[in-house]
Amino acid sequence: MSGQSRRPSKPYRRPKKDPVRILAFEALRAVDERDAYANLVLPPLLRKARESGGFDGRDAALATELVYGTLRRQGTYDAIIARCVDRPLREVDPPVLDVLSLGAHQLLGTRIPTHAAVSASVELARVVLGDGRAKFVNAVLRKIAAHDLDAWLEQVAPDYDEDPEEHLGIVHAHPRWVVSALWDALGGGRAGIEDLLEADNERPEVTLVARPGRSTAEELTRAVGEGGALPGRWSPYAVRLAEGGEPGALDAVREGRAGVQDEGSQLVALALANAPVEGSDGLWLDGCAGPGGKAALLAALAAQRGARLLASEKQPHRARLVARALTGNPGPYEVIAADGTRPAWRPGSFDRVLVDVPCTGLGALRRRPEARWRRRPEDLDGFAPLQRELLRQALASVRVGGVVGYATCSPHLAETRAVVEDVLKGRGGAAAVETEWIDARPLLPGVPALGDGPDIQLWPHLHGTDAMYLALLRRTA
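Here the structure is a predicted model, which is why all the values come from computation and not from measurement.

Caption draft 1: Layout of the pairing of strand β7 (residues 333-337). Taken together, the five bridges between strand β6 (residues 308-313) and β7 define a ladder with parallel strand orientation. If you follow E313 over to β7, its bridge partner there is A337.

Right, dumping it as structure tokens:
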């Protein structure tokens, strides 16, 4: 027998379960596996964690940052991880890639100390992946930890002068085609597009709307408490919550007298409501009403003038959301489940019509960061016929002298002005309805940088809103 003593093997140690990182991992898996949206997946996970005990506000804030930060920067982190693994990224199992991405965000996008970020990520891997793959995670994260984000970007992003769109896409975590589309819509040079891409990566404020006749911005501000709320930038009905504000805690929100609504959406509704019409003004239509935010504001504005709103939504479950949003409105209204491309009403019935059409959602990337990685250029072709037909039917539904608002939460030119121009010129086989543009800019007093008109495009970096588009059209014959 040899005189050398054999080193005793380390006893097995159970991995430490970190509820914050396990929750973040579960949210990312739901986004990947079910094409879910984080803003829908995360709240119930957080609520369940709080109810189980031992999960406080700081834990919720960290979990939220880990999920949203990882999703926003996914393209950047993928490029960095690809430099640190010995196989194509598509060959890395998606759950492993989620753990690596969470670790990369902690290392490169937060102030969590390096050793804590690595060790916490490895422990997470042991819990959700097993010890074998945890060793792989450990090795990759140690390579990532060798450089900070700026140093990594110098390695993985091409020089701006050689390929400006790819450079901006990697540095600011947007797919190349999205960078190109946003740049075309925005125009201008490098500074403007960089400001826009940076704004897309910022956490958006929670903005409330006080529904006219039922609540006021002053009431909401008092209810939130001193220092917890700021007035809206542009809408008289808007209140911006300070970080950490909880809308559901407010009586006005619980009772439906107020709601959560981006200020850009409020401005679209206000511009339509303030546009001059010729003759009667008693019947309004929201032709794509789900989930009900704009419909609730329009219904409240209509009620103040003695007008009535018909809110139509194709999907029955979304129509139910609209009905819930309008519950308690003081004026007359009706909610129906109907297809706006096959109207359930007679032509020329309405004085005002809004169609906020389905779209790629590229204007709301702050709120749905995963959408930038999920959308593809070919999605535009899928939405195009629907957008045009909804606008055609909206113009047919309004009477002569009435106004149609065409809105979309996308600044992509193929979803905005191109749609309006095609319909007005009768492209696509349907006869054109005679209309005239209404300059929407004077209808939003005080709002700067609205362009040359007559349509308007809002921007996150210029207005602090989602990138909403609005064209106002008056039917003339």
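Caption draft 2: Structural detail: helix α19 (residues 417-424). Inspection of α19 places V419, V420, D422, V423 and L424 among the buried residues, and these make up the whole buried set. Contacts made by the buried residues of α19 are with α18 (379-397), β9 (398-408), β10 (435-438) and β12 (469-475). Where α19 terminates, the next one or two residues include G426, which has phi positive at roughly 75°.

Caption draft 3: Spotlight on the packing of helix α1 (residues 19-34) against helix α3 (residues 57-72). The interhelical angle for the contact between α1 and α3, taken along N-to-C directions, is 35°, at an axis separation of 9 Å. Regarding α1 and α3, the two cross each other, and that crossing is right-handed. Residue-level inspection shows V20, R21, L23, A24, A27, L28 and V31 of α1 in contact with α3, the latter providing D59, L62, A63, L66, V67, T70 and L71. Among the residues making up the contact of α1 with α3, the classes are represented as eleven nonpolar, one polar and two charged.

Caption draft 4: Quick peek at the sheet that holds strand β3 (residues 238-241). In space, the four strands of this open sheet follow the order β2-β3-β1-β4, with antiparallel pairing throughout. The open sheet has two edge strands, β2 (229-231) and β4 (258-260), and neither has a second partner. Across the sheet, the mean angle separating the axes of adjacent strands is 30° when strand polarity is ignored. Where β2 and β3 come together, three bridges link them in antiparallel fashion. Paired with A229 across the two strands is L241, which belongs to β3.

Caption draft 5: How the structure looks around the pairing of β3. Judged by which residues are buried, β3 turns out to be covered on both faces: A238 and R240 on one side and V239 and L241 on the other are all buried. Relative to β3, strand β1 (residues 206-210) runs antiparallel, the two sharing four bridges. Pairing of T207 across the sheet is with R240, part of β3.

Caption draft 6: Region of the structure containing the packing of α1 against helix α2 (residues 38-52). Orientation of α1 relative to α2, taken along the N-to-C sense of each, is 145°, at an axis distance of 10 Å. Here α1 and α2 pass one another in a crossing that is right-handed. On α2, the residues that touch L23, E26, A27, A30, V31 and R34 of α1 are A38, V41, L42, L45, L46 and A49.

Caption draft 7: Spatial organisation of the packing of aromatic side chains. Overall, the coordinates contain two aromatic pairs when judged by the stated rule. Seen from their ring centres, W345 and F350 are 5.8 Å apart, and the 85° between their planes marks the pair as edge-to-face. Accessibility assignment for this pair places W345 and F350 in one class, buried. Taking 6.4 Å as the distance between ring centres and 70° as the angle between the ring planes, the aromatic pair formed by Y406 and Y469 counts as edge-to-face. Pair noted here: Y406 is in strand β9 and Y469 is in strand β12, with a separation of 63 residues, a long-range link. We classify Y469 as buried; its relative accessible area is 3%. It is R368 that lies over the ring of Y37; its NZ or CZ is 4.1 Å from the centre. Its end group placed over the ring of Y37, R374 keeps NZ or CZ at 4.9 Å from the ring centre.

So, how was this worked out
- Residues numbered from 1 in each chain as written.
- Predicted model: local features only at pLDDT ≥ 70, side-chain atom pairs only at ≥ 80, totals over all residues.
- Heavy atoms only, no water.
- Pairing = 2+ DSSP bridges.
- Helix = DSSP H or I, 4+ residues; strand = E, 2+ residues; numbered from the N terminus.
- Buried < 20%, exposed > 50% of the residue type's maximum accessible area, 1.4 Å probe, protein only.
- Contact = heavy atoms within 4.5 Å.
- Axes fitted to C-alpha atoms, helices over the stretch in contact; angles between N-to-C directions.
- Left-handed = near helix turned anticlockwise from the far one by under 90°.
- Nonpolar A, V, L, I, M, F, W, Y, C, P; charged D, E, K, R; others polar.
- Phe/Tyr/Trp six-rings, centres within 6.5 Å; stacked < 30°, edge-to-face > 60°.
- Lys NZ or Arg CZ within 6 Å of the ring centre and 35° of its normal.

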